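Each chain, letter by letter, is given below.
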Amino acid sequence: MRVELREIHKRFGSVHANNGITLKVTPGTIHGLLGENGAGKSTLMKILNGFIAADSGEILLDGKPVTMTSPAQAVALGVGMLYQDPLDFPALTVLDNFVLGCSPALVPDRRRARRDLRDLCSQFDFTLDPDAHVSDLSIGERQQLEIVRLLWLGARTLVLDEPTTAISAQQRDKLFVALRKLAEGGKSVIFVSHKLEEVETLCDEVTVLSRGRVTGHAQQPYSTEKLVQMMFGQDIPRVRRQVQLVTTAEPLLRLERVTVSDWRLEIRNLNLDVMPGEVIGMAGLEGSGQLLLLQACCGLRPPTSGRIWLAGKDVTGQSYHRLRAAGVAYMPAGRLEEGLIADMTLTEHLALAEYQGGFFVDWPQAAQSAARGIERYHIKGQPTSRVEELSGGNQQRTLLALLPSQLQLLLMEHPTRGLDVESAEHIWGLLLERTQQGTAIIFLSSDLDELLDRSDRILVFFGGRVSAPLNARQINVEQLGELIGGKGFGGGGADESRG
Amino acid sequence: MSRAADWGLRIAGIGAALLLVTLILAALGTSPAQAFRLIWDGAVGSPAKFAYVLTAWAPVLLCAAGLLLTFAAGLWNIGIEGQVVMGAIFVTGMLRLTQDVLPPAAALFLAALAGIVGGALWAALAGVLRLYGQVNEIFGGLGLNFIAGSLTVYLVLGPWKRAGIGSTSGTQPFPPKLWLPPILPGINVSLVEIVVGLAAIVLVCLALRGTYFGLRLKAIGKNLRSAFLLGVPTERHMLAAFALCGALAGLAGWVLVVGTSSRHQLFPLISGGYGFLGILVVLLANLNALWSIPISLFFAAISMGSLQLALQAQLDSSLGGVIQGLLVLAVLIVGGIRSRLAAASSERTARSR
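Rules used throughout
- Residues numbered from 1 in each chain as written.
- Chains lettered and ligands numbered in written order.
- Predicted model: local features only at pLDDT ≥ 70, side-chain atom pairs only at ≥ 80, totals over all residues.
- Heavy atoms only, no water.
- Helix = DSSP H or I, 4+ residues; strand = E, 2+ residues; numbered from the N terminus.
- Rg over C-alpha atoms; globule rule 2.2 N^0.38 Å.
- Buried < 20%, exposed > 50% of the residue type's maximum accessible area, 1.4 Å probe, protein only.
- Contact = heavy atoms within 4.5 Å.
- Areas by Shrake-Rupley, 256 points an atom, 1.4 Å probe, with all protein chains shown as cover.
- Expected span 1.5 Å × (residues − 1).
- Arc of directions from axis to C-beta.
- Domains from an automatic or database assignment.
- Buried area = accessible area lost by both parts, 1.4 Å probe.
- Polar contact = N/O pair within 3.5 Å; in protein donor to acceptor, adjacent residues only side chain to side chain.
- Nonpolar A, V, L, I, M, F, W, Y, C, P; charged D, E, K, R; others polar.
- Axes fitted to C-alpha atoms, helices over the stretch in contact; angles between N-to-C directions.
- Parallel < 35°, antiparallel > 145°, perpendicular 65-115°, else oblique.
- Pairing = 2+ DSSP bridges.
- Salt bridge = Lys/Arg side-chain N within 4 Å of Asp/Glu carboxyl O.
- Patch = residues over 30% accessible without salt bridge, like charges linked within 9 Å, V, L, I, M, F, W, Y side chains within 5 Å.

On to the overall build of chain A. When helices and strands are tallied, chain A shows 18 helices and 21 strands. The globule rule puts the C-alpha radius of gyration for 499 residues at 23 Å, and the 23 Å found for chain A is close to it. In terms of principal-axis extent, the alpha carbons of chain A reach across some 70 × 55 × 50 Å. Each of the 499 residues in chain A was classed as buried or not, and the buried ones make up 55%. Nonlocal contacts in chain A, meaning residues at least 24 apart in sequence, comprise 67% of its contacts between residues at least 6 apart. Per element, the accessible surface of chain A, about 21300 Å² overall, is 50% carbon and sulfur.

This brings us to helix 4 (residues 110-124) of chain A. Residues and elements named next belong to chain A. In a regular helix each residue adds 1.5 Å, so 15 residues correspond to 21 Å; helix 4 covers 21 Å between its end C-alpha atoms and thus fits that length. Those residues of helix 4 that fall on the buried side of the exposure criterion are Ala113, Asp116, Leu117, Leu120, Cys121 and Phe124. Projection of helix 4 onto a plane perpendicular to its axis shows the buried side chains occupying an angular sector of 130°, all on one side. Turned more than 90 degrees from where helix 4 packs its buried face, Arg111, Arg118 and Ser122 sit exposed. Tucked inside the fold, the buried residues of helix 4 contact helix 3 (94-100), helix 5 (139-152) and helix 6 (169-184).

Before going further, it helps to spend a moment on the domain arrangement of chain B. Residue and element names in this part refer to chain B. If you check the domain split of chain B, you get domain 1 (1-30 + 317-348) and domain 2 (47-314). Placing a centre on the C-alpha atoms of domain 1 and another on those of domain 2 gives a separation of 28 Å. At the interface, 10 residues of domain 1 touch 13 residues of domain 2. In total, domain 1 and domain 2 occlude about 1000 Å² of area from one another, counting both sides; carbon and sulfur atoms represent 80% of this. The largest per-residue losses of area from domain 1 upon contact with domain 2 belong to Ser317, Gln324 and Val328, which jointly make up 51% of the total buried on that side. Our count for the contact surface shared by domain 1 and domain 2 stands at two residue pairs in polar contact (both at pLDDT 80 or more). Ranked by residues supplied to the side of domain 1 that touches domain 2, first place goes to helix 14 (residues 319-349) with eight residues. Each residue belonging to the side of domain 1 that touches domain 2 can be placed in one class, and the counts come to seven nonpolar, three polar and no charged.

Looking now at the packing of helix 3 (residues 47-72) of chain B against helix 10 (residues 234-258) of chain B. Residue and element names in this part refer to chain B. Two elements in contact, helix 3 and helix 10, have axes whose closest approach is 8 Å; the angle formed by their N-to-C orientations is 175°. It follows from the interaxial angle that helix 3 and helix 10 lie roughly antiparallel. Seen from helix 3, the contacting residues are Ala58, Pro59, Leu62, Cys63, Ala65, Gly66, Leu67, Leu69 and Thr70; seen from helix 10, they are Ala241, Phe242, Leu244, Cys245, Leu248, Leu251, Ala252, Val255 and Leu256.

With that settled, consider the sheet that holds strand 12 (residues 266-274) of chain A. Residue and element names in this part refer to chain A. In spatial order, the strands read 12-11-14-15; together these four strands make up an open sheet with antiparallel pairing. At either margin of the open sheet sits one strand with a lone partner, and together these are strand 12 and strand 15 (313-314). Bridge count for strand 11 (residues 253-261) against strand 12 is six bridges, and the pairing is antiparallel. Directly across from Val258, in strand 12, lies its bridge partner Leu270.

What follows covers the domain arrangement of chain A. Interface size, as often reported, equals the accessible area lost upon joining of the parts. All names here are of chain A. Split into domains, chain A comes out as domain 1 (3-232), domain 2 (236-340 + 405-499) and domain 3 (341-401). The distance between the C-alpha centroids of domain 2 and domain 3 comes to 26 Å. Taken together, the 21 residues of domain 2 in the interface contact 17 residues of domain 3. Three residues stand out in domain 2 for area buried against domain 3, namely Arg335, Leu336 and Leu340, and they jointly supply 39% of the buried area on that side. At the junction of domain 2 with domain 3, the criterion picks out one salt bridge. Residue Arg376 is joined to Glu433 by a salt bridge in which the shortest nitrogen-to-oxygen separation is 3.4 Å. Counting across the interface, domain 2 meets domain 3 through six residue pairs in polar contact (both at pLDDT 80 or more).

This brings us to a nonpolar patch on the surface. Residue and element names in this part refer to chain B. A grouping of Val101, Leu102, Phe109, Leu110 and Leu113 is seen on the molecular surface, where their side chains present a nonpolar patch of about 440 Å² in accessible area. With respect to the element layout, Val101 can be found in the loop between helix 4 (80-98) and helix 5 (104-133). Classification of Val101 as exposed rests on a relative accessible area of 64%.

To continue, consider the interface of chain A and chain B. Between chain A and chain B, the residue contacts involve 49 residues of the former and 26 residues of the latter. Interface area lost by chain A to chain B is led by A:Phe12, A:His321 and A:Leu352, which between them contribute 18%. In this structure, the connection of chain A to chain B is made through two salt bridges. Linking B:Arg225 and A:Glu338 is a salt bridge whose minimum nitrogen-to-oxygen distance equals 3.2 Å. Summed over the shared surface of chain A and chain B, the number is 17 residue pairs in polar contact (both at pLDDT 80 or more). Tallying contributions element by element places helix 12 (residues 346-353) of chain A first for the side of chain A that touches chain B, with five residues. When the residues that make up the side of chain A that touches chain B are grouped by side-chain class, the tally is 23 nonpolar, 14 polar and 12 charged.

Here it is as structure tokens:
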């Protein structure tokens, strides 16, 4: 399907999110939409998807002007969109989710749907169990479900908004193969991303956005330098972490034969010493046990056996709040789900996070803290802004601003997810300042470069098994990728240890 | 949305509710004007009548004050009626123990404390069921309401039976020395009731705006998980919200036993729907604590005023409840419309994700 957007304008208050954007997508190609946070990519795609209406401009599908008023209508016209966070129903089964969007008849034809689902999955080498509950799937699998669902509904153009932020490298490869196949079959794919490498490997053509305008257009083969220039107007040097660790006799955190499990996965007899100021990166497919370890360390999930020591004290089985008081902080990945409170302002968040006892809230002081956080973390917002009004990247910055200033141990999920290169650099600068004061950081990430650049040592997780700590300076992306894929762990795959 | 349009919408909602009431009255063959006049006269027709409105105002204020706390924490404390009843039971028990041995003021004071304890315990039970028994507070509250109601029947017919009388009409009324004194002779409302009710609302309002307790309750109400991860001891705060709400409901039970123009006895259905009325008030005030003061008064006036309908127009006094319910529905609908309109304007302020 040929997709054309002409002179799209969209304002949000004083922000000109889309300022006369024109985009042409040729059928049978993968078209990259590249830009940093707030460049206007998501807005443009939501307009194409009928989720929001443009202030002015035209949308043409196969040369015919159309007006989109809802995502359902967009799908009917052949445009399907995968949102950054999967919009599915975790309590329902895969098959139920699959048929949910359609059913013109009163009773869905499950048998036919089951067959179609199986056919579509085998086409793309997806393995989705129709009867599994979506809550048990990984984000990558939920994306796969969404893709086949949209195709089943007749989508001829597929829009993917930052699809790789929350999935593993392996799932990403699978996704890319599927997208290639779609393009070869004559479908159009629009791939929204701020990751250069992905766009370079995947996309036939790229349109670059910056601050609401188109700043460039390129075709294979790309020059990375030029793309970066179109995105940022300048080069950003990347620095790998070079720190001499203070080796004290006593580790800050010691795990002694720790076993921790949830209903599907178990980490057995893990031993680990973390020094003050050390940064430990956790690599692995999403859901390979990284989260279990983070949760065990912050008291959200008590280990079934083994002991945990913090600064020489046995803290095994202590509650999250006691550990928090002892200087252990946890930064979750779900921004509006478990990190922030929609409908509350930045000031209110700071007042909650910085509670030091006492009865009455010191609002002026909380507002000052909020202003400090805004400045320090470059949050685009006011102390009185409600967090749901902030963009994803600024919500991420807010999460970071809410972390207590004095910490022993900082546990983080995806510290810079959704941030552009420049912002990630800034955030890591602030985090490394903390490590110089002795705070140890354990973080999980699906960004291999982030893991390699920022960690001192890396743990690789595979189906609940944990590698020995690897010196981050002695391995490269390829080696890390192989480990994540299960090489070196002996037989058995991640899927086997899932219940 | 502009301020004027916002208020216009609210007024239109209330207008629509009144129009519906008018239609209902017309369908009943009554002149709406006459009915509204009867309600008005019944509420403020004389100082004595207005005093009645004020006696109904106090328990509604107390219940609304408590519910503001549970609503802030995202809890639907439907069990408030039972908490009022339980307060009244504890009050009656305490007065029966102390009326002959202590000076009246001391007995009344101890009875108030007992009411607070009774209501708080009953509410805490709903909280415990919710937090540790996985019983939603709506269902737990409904069940506990039932039990509290049955307990009054049992007490009235059993242990606290009036000598020689076998009816559910109530326990032996307490002597006038245990009644709250009227403001003026013939104006049968006590200053104590009014002050306690208003003080409760004002204190809750201050707590929600200016204290960590209030802020944390709001955080819990809006996102339990995030609040927990940000360091809020969520279970303790939810239990506290329940217990405080129950305490205020229990105090309402005290007013209903010892108030100047109450029946001065324990009887089945003593809560009289004041707890549910409190829920309507809080829904209408939309969590703005201070608005619940005039709204409570207005609802009390409708409740009391509509009693005249039965006496003078052969209409059932439950029409007052119909009016109250329609008003709340109208306001909720207007709230829905406003949030739909606001969604459009917030799209303008929200940056693209």
